[in-house]
Amino acid sequence: MIKVLYSDDGVVMLRPLTMADAEEHIAGQDDEYVTWLDDAEATEESVRAHLSDVEKSWEAEGPIYSFAIVADGKLAGTITAEVGREGLKDYQADIVYGLYPATRGRGIATRAVMLVVSFLDQIPGISEAITRVNPENPKSRSVAERAGFEPLTTAEAEGDANDWLSTRVSLVPAEQR
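Participant: Give me the overall build of the protein chain: which residues, what numbers.
Facilitator: Helix and strand content of the protein chain: six helices and eight strands. Walking the protein chain from its N terminus toward its C terminus, one meets helices and strands in the order β-β-α-α-α-β-β-β-α-β-α-β-α-β. Per-residue burial over the protein chain gives 46% buried out of 177 residues. In the protein chain, the share of contacts with a sequence separation of at least 24, taken over all contacts with a separation of at least 6, comes to 63%. Of the accessible surface of the protein chain, which amounts to about 9300 Å², a share of 50% is contributed by carbon and sulfur atoms.

Structure below.
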């Protein structure tokens, strides 16, 4: 399985998120990151527990694949793809992403989302990527749309806080891969 991915222009690299990223991850978070992703202030203990789970999931080859987004040689944010998530179909994977303040507004998140979609083509049976965005977070929706995602359903229709957007992972249907 390919675990390190580079954007065509070399601006963004994705690699597995590890325990070594703990301090930089904590330092990079701001209120916007916490509001849309974690919904709680990260502590060193909670981040280390999370990163331990992340490393175990990589060792087990899923179902959660959390990447460090690296730009300019530094940790710029995180992106996670999860298969088998409750509420999704068997052929769908959920993508969640967030950038630290210093790296926002440069197309880094869009590149990272596109790279994770290409990564998902390696996962047997996965043919659609989903991202769920809060309607009050237009920046996140713009990232998904620039990465080729299209509306699937709305927060109102789902009875939750998020609009759902989707994109195909592969032109080859999951059942034929």
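Participant: Which residues make up the sheet that holds strand β3 (residues 64-71), and what values go with them?
Facilitator: The strand order across the open sheet built from eight strands is β1-β2-β3-β4-β5-β6-β8-β7, with neighbouring strands paired in mixed fashion. A single partner strand is all that each edge strand has here, and the edge strands are β1 (5-6) and β7 (150-153). Sitting on the sheet, helix α3 (residues 44-59) is in contact with β2 (12-16) and β3, with an inclination near 110 degrees to β3.

Participant: Quick one: what's the story with the nonpolar core, residue by residue and with numbers?
Facilitator: Leu-14, Phe-67, Ile-69, Ile-79, Ile-95, Leu-120 and Phe-149 are the most contacted members of the largest nonpolar core, which has 45 residues in total. The set of elements that each furnish at least two residues to this core consists of β2, α3, β3, β4 (74-83), β5 (92-99), α4 (108-120), β6 (128-133) and α5 (138-146). At nine residues, α4 tops the list of elements feeding residues into this core. Those residues within four positions of Phe-67 in sequence are excluded, and the remaining contacts are Lys-3, Leu-5, Leu-14, Arg-15, Pro-16, Leu-17, Trp-58, Gly-77, Thr-78, Ile-79, Val-116 and Phe-119.

Participant: Any details on α5? Residues and values, ideally.
Facilitator: For α5, the set of buried residues is Ser-140, Val-143 and Ala-144. For α5, the buried positions fall inside an angular range of 95 degrees around the axis, keeping them on one side. Every exposed residue of α5 that faces more than 90 degrees away from the buried side is listed here: Pro-138, Lys-139 and Arg-146. Following α5 by one or two positions, Gly-148 adopts a phi angle in the positive range, close to 100 degrees.

Participant: Quick rundown of α3? Include the residues and the values.
Facilitator: In this model α3 runs 22 Å from its N-terminal to its C-terminal C-alpha over 16 residues, within 8% of the 22 Å that 1.5 Å per residue would give. Tucked inside the fold, the buried residues of α3 contact β2, α1 (22-28), β3 and α4. Trailing α3 by a residue or two, Glu-61 shows a phi angle of about 60 degrees, which is positive.

Reading guide: rules and limits
The residue numbers shown here count from 1 along each chain, following its written sequence. Side-chain atom pairs in this predicted model are given and counted only at pLDDT of 80 or more, local residue features only at pLDDT of at least 70, and totals for whole chains, interfaces and linings cover all residues. The basis for every side-chain value is the complete set of heavy atoms in the structure, and neither hydrogens nor water enter the calculation. Secondary structure elements are defined from DSSP: runs of H or I of at least 4 residues count as helices, runs of E of at least 2 residues count as strands, and each element is numbered from the N terminus. For each residue, the accessible area found with a 1.4 Å probe, counting protein chains only, is set against the maximum for its type, and the residue is called buried under 20%, exposed over 50%, and partly exposed in between. Two residues qualify as a contact provided that any one of their heavy atoms is within 4.5 Å of a heavy atom in the partner residue. Working definition of accessibility: Shrake-Rupley area with a 1.4 Å probe, residue cover restricted to the visible protein chains. Strands pair, by our definition, only if DSSP identifies at least two bridges between them. Axes, fitted as lines to C-alpha atoms, cover a helix only where it is in contact. Angles between the N-to-C directions of the axes lie from 0 to 180 degrees. Note on terminology: a nonpolar core comprises buried Ala, Val, Leu, Ile, Met, Phe, Trp, Tyr and Cys residues joined through side-chain atoms within 4.5 Å. This arc corresponds to the set of directions leading from the helix axis out to the C-beta atoms. One less than the residue count of a helix, multiplied by 1.5 Å, gives the span that helix is expected to have.

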